[in-house]
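# Understanding the architecture of this molecule
If you want the building blocks of each chain, they are given just below.
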Amino acid sequence: MTHLLISLLLAAGALPSDTARVSETVITATRAPMSGDGGTLSTVSVVSREKLEVSRNPSALSTLTACIPGFFLTQRGMLGYGVSGGSAGAMTLRGQSVLVLIDGQPQYQGIMGHPIPDACLADMAERIEVARGPQSVLYGSGAMGGVVNIITRRPPDGPFGPHAGTVGGTLGANPAETAARRPSDCISRTHAGLGAGSYATLLSDICQQVRIRDFSATATASYNRTRGHRPNEPFSQAAGGLKLGYDFSPRWTLSSETQFTQFFTANPGPADAPIVDSDQRVTRLTAALRLGHRYRRAEGALQIHYAKGRNKVDDGHTAGAPPRNYEFNSADDLLGLSVYESLSLAPGQTATVGADYFVFGGQQWNRMLADGTKQSEKDYHRRQIAGYADLRQHIAQLLTLEAGVRADHHSTAGTAWTAQGGAIFQLPAEAILKASVSQGFRFPSLRELYTMSPANPDLREERSMNYELAYRQRLAGGKLEIGANLYYLDADNLIQTAIIDGRPRFVNSGTVYNTGLELEAALAAGRYWTVSANYGFTHMAHPLTATPRHKVCADIGFRKGAWQLNTGLQYVHGLYTSATTTENFLLWDARAAFRPCRVVTLWAKGENLLAQAYEINAGFPMPRATVTAGLSLDF
């Protein structure tokens, strides 16, 4: 119990890679690091730092649609997602809501309850881990479809082995062995990038990483902007981050991180009903402090996390109509405390227990433009406390059984219990079969409960149940990896709008019955070529926006000497852009990079090279073919 009170949750991430080799160290879905990919029920895909750099996308989330079957992210232009009216950035996994994490900690707007995608930048990410299927036992509300966990960057490993006490530690490892691996006293890496492209788009970023023996620091900064492919659709963003770490010993580590972003964007409105003066100014700040430890049979962490946001929104007006006389304002905050302890009490057994505590909410008001006074001011804060336990038992290296349970109490919506369980079978020829049942839930947001019509303070949590079979196998000496997932998802109590006594009101009345198939394959073809493909099929009993019926993605990569070339196709069929409108489209992208010397890389990319006319958000046409090019320096 002492360790439980002094350790820290998730020093740098919390999910495993089903595509990682067995000898590699990964983050497991039990929130404790371990080796191998066969020890967790969840199917977890990892988007590496290399993949993020090849994609050249400023957003950490934009690359995921092409890489993850069953995942979809709505967009409306070259850069930026925005907030309020006309915003994009809605994420779904298997047609359900997704919880976004940064180093394992939830990231969402305290009042509205949704993530802010424009605050998730690629320059801060070491990798992104996406766990498919409900993850509520470990992460609570909002993880009905899965979680997206952004693992932030840190300098090369310190004297106590790979990411001691945080990401790379392995439960049961010998600290004396890792302590013997000591790098040079000082390691420094610098990256700077600059790019420009269609529609006056500018991309810039810089990253400095330093390790001086047991101390590490990573600082990032970026500035991106675009005029936009439609009138009245500019976007600009400035962001920065700082991550510090200190390894006290082979067993203990302390780290802190701060991320800041501020962006401005405008909503041009639907193409057939454009609007003007719809401006959105958003500022986000997050900070975290974590203490982690790793012993031979115990590993744990304690983390304090804080997030704060400030939004200023003018919803605009149609041309010729009088402008609004007020600007909508909101300030939200989220304070979280998380703790976990993972223990190896018997051979082949791992038990994890943990607790989470959150205080979240904020204020909303209208600022009158004439004199700056406040009107309709509202202030709401609520609390949420949870405890969970997960037990895994390996049997003769052939079978792993896992079961977990969680209880969450929301100060308004009440208590929600969730559970999961299943079995993992280690088959011959490096094959793995998983069978699982898992529950998910989402508490109503403060907006749905109180702040805006049609709010309803009597709303209860949304619920889901997921039944799944997953198969993974490595062939041809590890050069070919294949995977398949078959699932049935049943969700009910979903929050929808109904007309009651002639007025709209949120009620728990929605249901979802989704059946899906997900296929993946990756091939290392010879010394220079790589080929990967994935397919996601979702059969929906009821139409869901931001959820395509079919999504097929394929990518071919070539690397030899100073050259790196990649090209990919993405075919989307049956995407509901609204309740009654569907879209089908085929996108072709290409990327090239040339490294004339060790320090300089020249790159270029083209997107939608077939110049397809398509929409992802109804009424918001996407840009036709676009080109961006630039250079980066690494030394």
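Residues numbered from 1 in each chain as written. Predicted model: local features only at pLDDT ≥ 70, side-chain atom pairs only at ≥ 80, totals over all residues. Heavy atoms only, no water.

### Some thoughts on the overall build of the protein
Each helix and strand in the protein was counted, giving six helices and 35 strands. When burial is assessed residue by residue, the protein has 54% of its 635 residues classed as buried. (Helix = DSSP H or I, 4+ residues; strand = E, 2+ residues; numbered from the N terminus. Buried < 20%, exposed > 50% of the residue type's maximum accessible area, 1.4 Å probe, protein only.)

### Overview of the pairing of strand β16 (residues 279-294)
Where strand β14 (residues 252-266) meets β16, 15 bridges bridge the pair, whose relative direction is antiparallel. Bridge pairing in β16 links Phe 260 to Leu 285. When β16 meets strand β17 (residues 298-313), the two strands line up antiparallel, connected through 15 bridges. Each bridged residue has a counterpart across the sheet, and for Arg 290 the counterpart in β17 is Gln 303. Between β16 and β17, which pair antiparallel and follow one another directly, the connecting turn spans three residues. (Pairing = 2+ DSSP bridges.)

### Structural notes on the side chain of Thr 190
Along the chain, the position of Thr 190 falls in strand β10 (residues 186-197). If we ignore the near neighbours within four places in the chain, the residues touching Thr 190 are Cys 207, Gln 208, Leu 633, Asp 634 and Phe 635. (Contact = heavy atoms within 4.5 Å.)

### Section: the pattern of salt bridges
Evaluated as defined, the whole model comprises 25 salt bridges. Ionic pairing is found between Asp 103 and Arg 290, a salt bridge with its closest N-O pair at 3.8 Å. With Asp 103 in the loop between β6 (98-102) and β7 (105-106) and Arg 290 in strand β16, the pair connects residues that are 187 residues apart, well separated along the chain. Among the residues examined, Asp 103 registers a relative accessible area of 0% and is labelled buried. Ionic contacts of the salt-bridge type, sharing partners, join the residues Arg 94, Arg 132, Glu 468, Arg 472, Glu 518 and Glu 520 into one network. (Salt bridge = Lys/Arg side-chain N within 4 Å of Asp/Glu carboxyl O.)

### Concerning the packing of aromatic side chains
Under the defined criterion, the tally for this structure stands at eleven aromatic pairs. A centroid spacing of 4.6 Å and a plane angle of 40° characterise the contact between Trp 563 and Phe 594, whose relative ring orientation is tilted. Of this pair, Trp 563 sits in strand β30 (residues 563-576) while Phe 594 sits in strand β31 (residues 582-594); the two residues are 31 residues apart in sequence, bridging distant segments of the chain. The partly exposed category is assigned to Phe 594, whose relative accessible area is 28%. (Phe/Tyr/Trp six-rings, centres within 6.5 Å; stacked < 30°, edge-to-face > 60°.)

### Looking at empty space enclosed by the protein
All chains considered together, the criterion is met by ten cavities of 30 Å³ or more. Taken as a whole, the largest cavity spans an internal volume of roughly 340 Å³. Lining the largest cavity are 21 residues, with Arg 56, Asn 57, Pro 58, His 191 and Asp 205 sitting closest to its centre. Listed by contribution, the elements that provide at least two residues to the lining of the largest cavity are α2 (49-55), β10, β11 (201-212), β12 (215-226) and β35 (626-634). Counting residues per element, the lining of the largest cavity draws most heavily on β10, which supplies four residues. The residue makeup of the lining of the largest cavity, split by class, is eight nonpolar, eight polar and five charged. If you add up the space inside the second largest cavity, you get close to 220 Å³. Along the walls of the second largest cavity sit 22 residues, with Ile 102, Ala 119, Thr 261, Arg 284 and Thr 286 positioned nearest its centre. (1 Å grid on protein atoms, 1.4 Å probe; cavity = no way out; pocket = protein on both sides within 12 Å on 5 of 7 lines; lining within 4 Å. Points joined across faces, edges and corners; volume = space filled by probe spheres on them. Nonpolar A, V, L, I, M, F, W, Y, C, P; charged D, E, K, R; others polar.)

### Thoughts on the nonpolar core
Across soluble globular proteins, nonpolar side chains show a tendency to be buried alongside one another. The biggest cluster of nonpolar side chains holds 23 residues, and the ones touching the most others in it are Leu 61, Leu 64, Phe 71, Ile 128, Val 148 and Ile 150. For Ile 150, the contacting residues outside a window of four places in its chain are Ala 60, Leu 61, Leu 101, Ile 102, Asp 103, Cys 120, Met 124, Ala 125, Arg 127 and Ile 128. One finds Tyr 108, Tyr 139, Leu 334 and Leu 449 within the second-largest nonpolar core, a separate group that totals 22 residues. (Core = buried A, V, L, I, M, F, W, Y, C linked by side-chain atoms within 4.5 Å.)

### Some thoughts on a nonpolar patch on the surface
A surface patch of nonpolar side chains, about 1,000 Å² in accessible area, is lined by Ile 212, Phe 215, Tyr 246, Phe 248, Leu 254, Leu 289, Ile 304, Tyr 306, Leu 335, Leu 337, Tyr 357 and Ile 385. Elements represented by at least two residues in the nonpolar patch include exactly β17 and β19 (326-343). (Patch = residues over 30% accessible without salt bridge, like charges linked within 9 Å, V, L, I, M, F, W, Y side chains within 5 Å. Areas by Shrake-Rupley, 256 points an atom, 1.4 Å probe, with all protein chains shown as cover.)

### As for the sheet that holds β7
Within the open sheet, the five strands sit side by side as β3-β8-β9-β6-β7. Their pairing is mixed. In the strand order of this sheet, the two ends are held by β3 (43-48) and β7, each with one partner. Pairing of β6 with strand β9 (residues 146-152), which is carried by five bridges, proceeds in the parallel orientation. Bridge pairing links Val 98 to Gly 146 in β9.

### With respect to the pairing of β10
Note that β10 and β11 share twelve bridges and pair antiparallel. Bridge pairing links Gly 195 to Leu 203 in β11. The turn joining β10 and β11, which pair antiparallel and follow one another in sequence, is formed by three residues; a positive phi near 60° is taken by Tyr 199. Inspection of the sheet shows β10 paired to β35 by seven bridges, in the antiparallel sense. Counted as the bridge partner of His 191 is Asp 634 from β35.

### Notes on the confidence of the model for the protein
Per-residue pLDDT for the protein averages 87, and the proportion of residues at 70 or more is 89%. When pLDDT is averaged over each helix and strand of the protein, the minimum, 31, is found for helix α1 (residues 2-6) and the maximum, 97, for strand β32 (residues 600-607). Overall, residues 1-26 carries pLDDT values under 50, and its contacts beyond four positions in sequence, including any with other chains, amount to 118 contacts. Note on residues 158-183: pLDDT under 50 across the span, and 83 contacts to partners over four residues away in sequence or across chains. (pLDDT = per-residue confidence, 0-100.)

### Observations regarding the environment of Leu 569
Structurally, Leu 569 can be placed in strand β30. On a C-alpha basis, the gap between Leu 569 and Asp 589 in space is 6.5 Å, while along the polypeptide they are 20 residues apart. Among residues more than four places away in sequence, those in contact with Leu 569 are Val 552, Cys 553, Ala 554, Leu 586, Leu 587 and Trp 588.

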